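Tertiary structure, described
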Amino acid sequence: MKLNDKIYVAGHRGMVGGAICRRLDALGYTNIVTRSSSELDLRNQAAVNEFFETERPAYVFLAAAKVGGIHANNTYRAEFIYDNLMMEANIIYAAWKYGVTKLMFLGSSCIYPRLAAQPLREDSLLTGPLEATNEPYAIAKIAGIKMCESFRDQYGCNFISVMPTNLYGIGDNYHPENSHVLPALIRKFHEAKAEGKPSVTVWGTGTPKREFLYADDLADACVFLMMHYDEKELVNIGTGEDLSIKELAELVKEVTHYEGEIVFDSSKPDGTPRKLMDVSKLHSLGWKHTTNLPKGVALAYAHFLKKAHFPLATF
Ligand SMILES: NC(=O)c1ccc[n+]([C@@H]2O[C@H](COP(=O)([O-])OP(=O)(O)OC[C@H]3O[C@@H](n4cnc5c(N)ncnc54)[C@H](OP(=O)(O)O)[C@@H]3O)[C@@H](O)[C@H]2O)c1
Ligand SMILES: C[C@@H]1O[C@H](OP(=O)(O)OP(=O)(O)OC[C@H]2O[C@@H](n3cnc4c(=O)[nH]c(N)nc43)[C@H](O)[C@@H]2O)[C@@H](O)[C@H](O)[C@@H]1O
């Protein structure tokens, strides 16, 4: 990827897309093309084809998607499968049709079977049933992976697929219901401290375990892999370390200096018991994360305090 190559970052206003743009800018890539969803609805195939015909990007980071936490995935099941299938199908097809040099598709750790052996290996894909709460989204992501593989097999397209673990950081979605757990807890503990609430309610039993990667670290991994990885096989992107939701809540309580109680609402779903990524392939390729969780949560909270405008992201 040369510094003057035209690079399309789909989803640039999102947490991941924004981090990728920051990383590319820091490395001196100046020829970046972007569109907001109001400028270009990626579910509209004709509009996507027209965009690719006009702009002719050489590289594509496909970081646009309908994204959310366990409640959003389980509530907006139709939108999660439809929007994600349409966006990825339109972009992957147009990337082939208009001769994109290389495309990176972003999947998610939820594509792996609910009870697959831990840590999750890339070759465990499609070896067992998925987690029910995010199956529509996972199926869409698996379809995106298979589209990239199929266009590589038939037309020789250099389309790669990477599987990030749970992410957090600058530009995250802090919606009280539709967000992921880490931003949700940052907001909950912050508001409880500000309003003098005696306790914070954490969904589920607190026993599931999750892995969290700081979004700017992910962006660095994505640019690294766009530069150095050209294979069909998936690459997991994570830290290789996880903790329980209870431990996470205690960390966020400490970072936000909240002094009340933590209460668990077991009427809410736990989701997948654990989804720790095997990141040995990523490490063997020469990349490793640099931001540990305590530092990352502190950075995310500091940005939340600077930038949060309620009501936050909604959809
Ligand atoms: N967040 C995580 O924990 C996580 C974990 C694993 C993988 N991922 C993957 O990483 C990628 C980015 O996630 P994220 O957390 O950055 O999500 P995000 O913050 O919600 O950003 C998603 C972006 O997609 C765009 N988008 C949504 N619908 C669109 C449409 N119909 N047309 C055009 N653009 C549309 C949005 O554009 P506008 O802002 O212009 O509306 C937004 O910028 C996704 O592929 C996601 O599956 C995320
Ligand atoms: C990376 C993403 O992982 C997602 O699964 P997943 O980690 O369970 O999604 P999260 O919403 O991050 O939930 C992770 C765990 O945190 C618990 N949790 C506790 N309190 C809260 C809260 O206030 N809000 C939220 N959201 N969770 C909370 C939740 O019950 C679940 O066990 C998938 O649904 C997506 O498709 C995507 O793959």
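In the nomenclature of an unreviewed UniProt entry, the chain corresponds to GDP-L-fucose synthase from the organism Chitinophaga horti. You can read under Catalytic activity (unreviewed entry) in the UniProt record for the chain the words "GDP-beta-L-fucose + NADP(+) = GDP-4-dehydro-alpha-D-rhamnose + NADPH + H(+)".

This part covers the pattern of salt bridges. Any two side chains of opposite charge can pair if their charged atoms end up close together. In this structure the tally under the stated criterion is 18 salt bridges. As a salt-bridge pair, Asp230 and Lys102 come within 2.7 Å of each other at their nearest N and O atoms. Taken as a pair, Asp230 in the loop between α7 (215-228) and β10 (235-237) and Lys102 in strand β4 (residues 102-106) lie far apart in primary sequence, 128 residues in all. Since its relative accessible area comes to 35%, Asp230 is described here as partly exposed. Owing to a relative accessible area of 2%, Lys102 belongs among the buried residues under this scheme. The salt bridge involving Asp242 is made with Lys209; its shortest N-O contact spans 3.7 Å.

Orientation of helix α4 (residues 77-97) relative to helix α5 (residues 135-155), taken along the N-to-C sense of each, is 15°, at an axis distance of 8 Å. By the criterion of interaxial angle, the relationship of α4 to α5 is roughly parallel. With respect to the hand of their crossing, α4 and α5 are arranged in right-handed fashion. Where α4 approaches α5, its residues Arg77, Phe80, Ile81, Asn84, Leu85, Glu88, Ala89, Ile92, Tyr93 and Trp96 are matched on the opposing element by Glu135, Pro136, Tyr137, Ile139, Ala140, Lys141, Ala143, Gly144, Met147, Cys148, Phe151 and Tyr155. The residue makeup of the contact of α4 with α5, split by class, is 16 nonpolar, two polar and four charged.

Around ligand 2 sit 22 residues in total, of which Ile70, Ser108, Lys188, Pro269 and Asp270 are the nearest. One nitrogen or oxygen atom from the side chain of Asn166 is found 2.8 Å from an oxygen atom belonging to ligand 2. Take Ser179: an N or O atom from its main chain is 2.9 Å from a nitrogen atom of ligand 2. The fraction of the free accessible surface of ligand 2 (690 Å²) that becomes covered by protein chains is 98%. No other element matches the three residues that helix α6 (residues 181-195) contributes to the shell around ligand 2.

Conventions we followed
- Residues numbered from 1 in each chain as written.
- Chains lettered and ligands numbered in written order.
- Predicted model: local features only at pLDDT ≥ 70, side-chain atom pairs only at ≥ 80, totals over all residues.
- Heavy atoms only, no water.
- UniProt positions renumbered as here; feature names shortened; annotations may be inferred.
- Salt bridge = Lys/Arg side-chain N within 4 Å of Asp/Glu carboxyl O.
- Helix = DSSP H or I, 4+ residues; strand = E, 2+ residues; numbered from the N terminus.
- Buried < 20%, exposed > 50% of the residue type's maximum accessible area, 1.4 Å probe, protein only.
- Axes fitted to C-alpha atoms, helices over the stretch in contact; angles between N-to-C directions.
- Parallel < 35°, antiparallel > 145°, perpendicular 65-115°, else oblique.
- Left-handed = near helix turned anticlockwise from the far one by under 90°.
- Contact = heavy atoms within 4.5 Å.
- Nonpolar A, V, L, I, M, F, W, Y, C, P; charged D, E, K, R; others polar.
- Near = heavy atom within 4 Å.
- Polar contact = N/O pair within 3.5 Å; in protein donor to acceptor, adjacent residues only side chain to side chain.
- Areas by Shrake-Rupley, 256 points an atom, 1.4 Å probe, with all protein chains shown as cover.

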